[in-house]
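# Observations on the model geometry
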Amino acid sequence: MKDIHNFINGEFVATARQFTKHSPMDHAPIARVHEAGRDEIDRAVQAARAALRGPWGRLPISERAELLKGLVSAIDRRFDDFLEAECADTGKPRSLASHLDIPRGAANFKVFADLINSVPAEFFESPTPDGRGSLNYAIRRPVGVIGVICPWNLPLLLMTWKVGPALACGNTVVVKPSEETPQTATLLGEVMNEVGIPAGVYNVVHGFGPDSAGAFLTEHPGINAITFTGETRTGTAIMQAAARGTRPVSFELGGKNPAIVFADCDLDATIEGCLRSAFANSGQVCLGTERIYVERPLFETFVQRLKAGAEALKIGCPDEEGVSMGPLVSREHQNKVLSYYRKAAELGATVVTGGGVPPMPGHLAQGAWVQPTIWTGLGDDSPIAREEIFGPCTLVQPFDAEDEVIRRANDTDYGLACSIWTQNLSRAHRVAAQIEAGLVWVNSWFLRELRSPFGGSKQSGIGREGGVHSLEFYTELRNICIKL
Ligand code: NAD
């Protein structure tokens, strides 16, 4: 079993206290993770502060950007190591991780390294009473030491989505990966050293949330801003910690995302898109679709086509040929998802397909597997329609009118994403503009342009990241006024 250490000031740090990471595939122990206490977190924050004042803070922007671009090729050289680590921690298919998680994990450094070199400056000339005038210009300065708290569903990708812009803007970071996925963040420490990123710029501390590394990090007064991706209720706890010291937060939180399918859609493309949005990464995608509203004339056909697609998904281990769905990340999460499967049945849902645990051979029977599941026959008030399950499951319901479906799609505490499927362009624009969510896709899902704003409305988040919006969070503007 391998040891996963903290990464502090450019060194791997063991601790006396450790916890075991289990494989999602068969629950076998795969790693001993060294848990950071308050002392390690303090050391990490101090190292980050020293790097900010020292070598990193003094680097010209162009050199900083070049170092970050070096990370892209360095991750590429270690591609197989990252792939193996990510698949071992999450159980996701290699095909998915090799197309999404690892390349995007690397691309996040390039996008922001490019962007930081081309930030426009604000500049104003103003009159003064003596007639000589003044010049105002604003410069962007790093915010300081950023606390980065990450979830387990897309571990490397979501972590570098924050670390990339934070470092590009000249900050230093202390990252707390999810306790379920400690490996790739730690591996990135090795790559940081290989590339020559100065010690203390990137630090990783391992542990849990409350009364552990997560809470110790957010409570630490040396953290200047907190960026967090995870559950909405965790966001509430972190916001309370951030309030001490009035530190800014950027939150990417949960969702209960609808898809709206009009009868005039391209049905093949819609089925393909809805299968991906409901079942990709075993439904553990914040942007995933757990509610599908289908215009009534298409309803029965749609349900049968979606069922056939779900039943054709091959469930298995990451490196099995043709696998499209792995296990859930942990037994704990499996229990949560299965509790919703039971609840749906108790509430009288029609289980179109799935609803339980797939039969798995031998030791795999110990793993966190669940079936892809489709329900119909439950109303908008049911917990199945309202609560984020974060599993490979979706509730399909019919609708009759455009106004009705907009109201129902918006009838949620969340507001992260929505996809609209129609061939009618006017309707697509009209509906998209009325959806209360940070991201709306038309005839697609999870098409991402990294320079565009990403984030959620309502309880799905605070702020936007991506492109210049990340730069807004990770920098502070300083106005300099010169009397001429
Ligand atoms: P989680 O909130 O349970 O944990 C996320 C991280 O927060 C972990 O590292 C955890 O250890 C830490 N944490 C927990 N309690 C804490 C506390 N009190 N103080 C500090 N840190 C604490 O989320 P998860 O189960 O890892 O991830 C799934 C959730 O993430 C889902 O709700 C999903 O929708 C959301 N998510 C959102 C986005 C997005 O972009 N909006 C992306 C991915 C995942």
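Keep in mind that this is a model prediction, so the values were computed, not measured.

What follows covers the sheet that holds strand 5 (residues 29-34). Judged by pairing direction, the sheet is mixed, and its three strands sit side by side in the order 1-5-4 without closing on themselves. Single-partner strands in this sheet number two, and they are strand 1 (2-4) and strand 4 (18-22). Strand after strand, the sheet turns through a mean of 30° between neighbouring axes, direction not considered. Alignment of strand 4 against strand 5, held across five bridges, turns out to be antiparallel. Following the sheet pairing, Lys-21 is matched in strand 5 by Ala-31.

Taken together, 30 residues lie around the ligand, and Lys-176, Glu-179, Thr-234, Leu-253 and Glu-388 are the ones closest in. At 3.5 Å from an oxygen atom of the ligand is found a main-chain nitrogen or oxygen belonging to Gly-230. When the ligand is considered free in solution it has 850 Å² of accessible area, and contact with the protein chains removes 92% of it. Mapping the ligand onto the cavity grids shows that it belongs to the largest pocket. Among the elements of the structure, helix 8 (213-219), strand 11 (225-229) and helix 9 (232-243) are those that each provide at least two residues to the shell around the ligand. Across the shell around the ligand, the residue classes tally to 17 nonpolar, eight polar and five charged. Residues lining the shell around the ligand come from more than one domain, with at least three contributed by each of domain 1 (2-253 + 460-483) and domain 2 (257-449).

It is possible for side chains bearing opposite charge to pair when their charged atoms get close. Counting across every chain of the model gives 30 salt bridges. With its nearest N and O atoms 3.1 Å apart, the salt bridge here joins Glu-465 to Lys-162. Placement of Glu-465 in the loop between strand 20 (461-462) and helix 16 (467-474) and of Lys-162 in helix 6 (residues 155-168) is noted, with a sequence separation of 303 residues between them. As far as burial versus exposure is concerned, Glu-465 and Lys-162 are alike and both buried. Note that Lys-314 and Glu-320 form a salt bridge whose closest N and O atoms lie 4.0 Å from each other.

Another point: the packing of aromatic side chains. The final tally for this structure, using the stated rule, is 11 aromatic pairs. With centroids separated by 6.1 Å and ring planes inclined at 45°, the aromatic side chains of Phe-7 and Tyr-202 adopt a geometry described as tilted. Of the two residues, Phe-7 sits in strand 2 (residues 6-8) while Tyr-202 sits in strand 10 (residues 202-204), which places them 195 residues apart along the sequence. Consider the rings of Phe-112 and Trp-161, whose centres lie 5.8 Å apart with planes at 65°: the pair is edge-to-face. In this pair, Phe-112 is assigned in helix 5 (residues 94-116) and Trp-161 in helix 6, connecting sequence segments 49 residues apart. What makes Trp-161 buried here is its relative accessible area of 2%. Aromatic ring contacts, followed pair by pair, group Phe-7, Phe-12 and Tyr-202 into a single cluster. Here the basic side chain of Arg-104 rests over the ring of Trp-161, its NZ or CZ set 6.0 Å away from the ring centre.

Cut-offs and rules
- Residues numbered from 1 in each chain as written.
- Predicted model: local features only at pLDDT ≥ 70, side-chain atom pairs only at ≥ 80, totals over all residues.
- Heavy atoms only, no water.
- Pairing = 2+ DSSP bridges.
- Helix = DSSP H or I, 4+ residues; strand = E, 2+ residues; numbered from the N terminus.
- Axes fitted to C-alpha atoms, helices over the stretch in contact; angles between N-to-C directions.
- Near = heavy atom within 4 Å.
- Polar contact = N/O pair within 3.5 Å; in protein donor to acceptor, adjacent residues only side chain to side chain.
- Areas by Shrake-Rupley, 256 points an atom, 1.4 Å probe, with all protein chains shown as cover.
- 1 Å grid on protein atoms, 1.4 Å probe; cavity = no way out; pocket = protein on both sides within 12 Å on 5 of 7 lines; lining within 4 Å.
- Sits in = over half its atoms within 2 Å of the grid points.
- Nonpolar A, V, L, I, M, F, W, Y, C, P; charged D, E, K, R; others polar.
- Domains from an automatic or database assignment.
- Salt bridge = Lys/Arg side-chain N within 4 Å of Asp/Glu carboxyl O.
- Buried < 20%, exposed > 50% of the residue type's maximum accessible area, 1.4 Å probe, protein only.
- Phe/Tyr/Trp six-rings, centres within 6.5 Å; stacked < 30°, edge-to-face > 60°.
- Lys NZ or Arg CZ within 6 Å of the ring centre and 35° of its normal.

Spatial relationships are all this shows, so hold off on functional conclusions.
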